[in-house]
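A closer look at the structure
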Amino acid sequence: QVQLVESGGGLVQAGGSLRLSCAASGRTFSSYAMGWFRQAPGKEREFVAAINWSGGSTYYADSVKGRFTISRDNAKNTVYLQMNSLKPEDTAVYYCAARRSMSYYYTGRSEYDYWGQGTQVTVSS
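Residues numbered from 1 in each chain as written. Predicted model: local features only at pLDDT ≥ 70, side-chain atom pairs only at ≥ 80, totals over all residues. Heavy atoms only, no water.

Further remarks concern the sheet that holds strand β7 (residues 68–73). Strand order in this open sheet of four strands is β1-β3-β8-β7, and the pairing throughout is antiparallel. A single partner strand is all that each edge strand has here, and the edge strands are β1 (4–7) and β7. Taken pair by pair, the neighbouring strands of this sheet meet at an average axis angle of 15°, ignoring direction. (Pairing = 2+ DSSP bridges. Helix = DSSP H or I, 4+ residues; strand = E, 2+ residues; numbered from the N terminus. Axes fitted to C-alpha atoms, helices over the stretch in contact; angles between N-to-C directions.)

Attention shifts here to the packing of aromatic side chains. For the coordinates displayed, the defined rule picks out 10 aromatic pairs. Summarising the aromatic geometry, the rings of Y59 and Y105 are spaced 5.6 Å apart at their centres and angled 15° between planes, so their arrangement reads as stacked. Taken as a pair, Y59 in strand β6 (residues 58–60) and Y105 in the loop between β9 (92–100) and β10 (114–115) lie far apart in primary sequence, 46 residues in all. For Y59, a relative accessible area of 38% corresponds to the partly exposed category. For the ring pair Y106 and Y112, a centre distance of 6.4 Å and an interplane angle of 85° mean the geometry is edge-to-face. Three or more aromatic residues joined by ring pairs form one cluster here, namely F37, F47, Y59, Y104, Y105, Y106, Y112 and W115. (Phe/Tyr/Trp six-rings, centres within 6.5 Å; stacked < 30°, edge-to-face > 60°. Buried < 20%, exposed > 50% of the residue type's maximum accessible area, 1.4 Å probe, protein only.)

Burial of β7 is one-sided: the residues F68, I70 and R72 facing one way are buried, the residues T69, S71 and D73 facing the other way are not. Bridge count between β7 and strand β8 (residues 78–83): six bridges; the pairing is antiparallel. Among the inter-strand pairings, D73 is bridged to a residue of β8, identified as T78. The hairpin formed by β7 and β8 contains four residues between the paired strands, and N77 there has a positive phi angle of roughly 55°.

As a rule of thumb, soluble globular proteins bury nonpolar side chains together. Ranked by internal contacts, the top residues of the largest apolar core, which has 38 residues, are M34, W36, L81, M83 and Y94. Of all the secondary structure elements, the ones that give two or more residues to this core are β3 (18–24), β4 (32–39), β5 (46–51), β7, β8, β9 and β11 (119–124). (Core = buried A, V, L, I, M, F, W, Y, C linked by side-chain atoms within 4.5 Å.)

Structure representation (structure tokens):
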């Protein structure tokens, strides 16, 4: 089992940047595919970005492609989401998620087994 704790959220002006971190417990972090999702008020939780166990493969939602970058440091048991050129529509609670897999990355909510508690990102116009 793995526990996930997100950090790095906050209030930023449009056009600004934030870096989210997700720290995982346990000694097998490198065995997990990781993802970032977000949920805005009144909306369903949606996929943002995913990365495979090694960091060699990544995938992004069209809405964030070219602005956000997902990465991981397996030595630090941490996955990151660098968010640049933020827009008001990026405002949401951001969640990281994990699934035990040493092959692929995943984009569906139901494909992940473990979730963090979320961190709020607010982008002002």
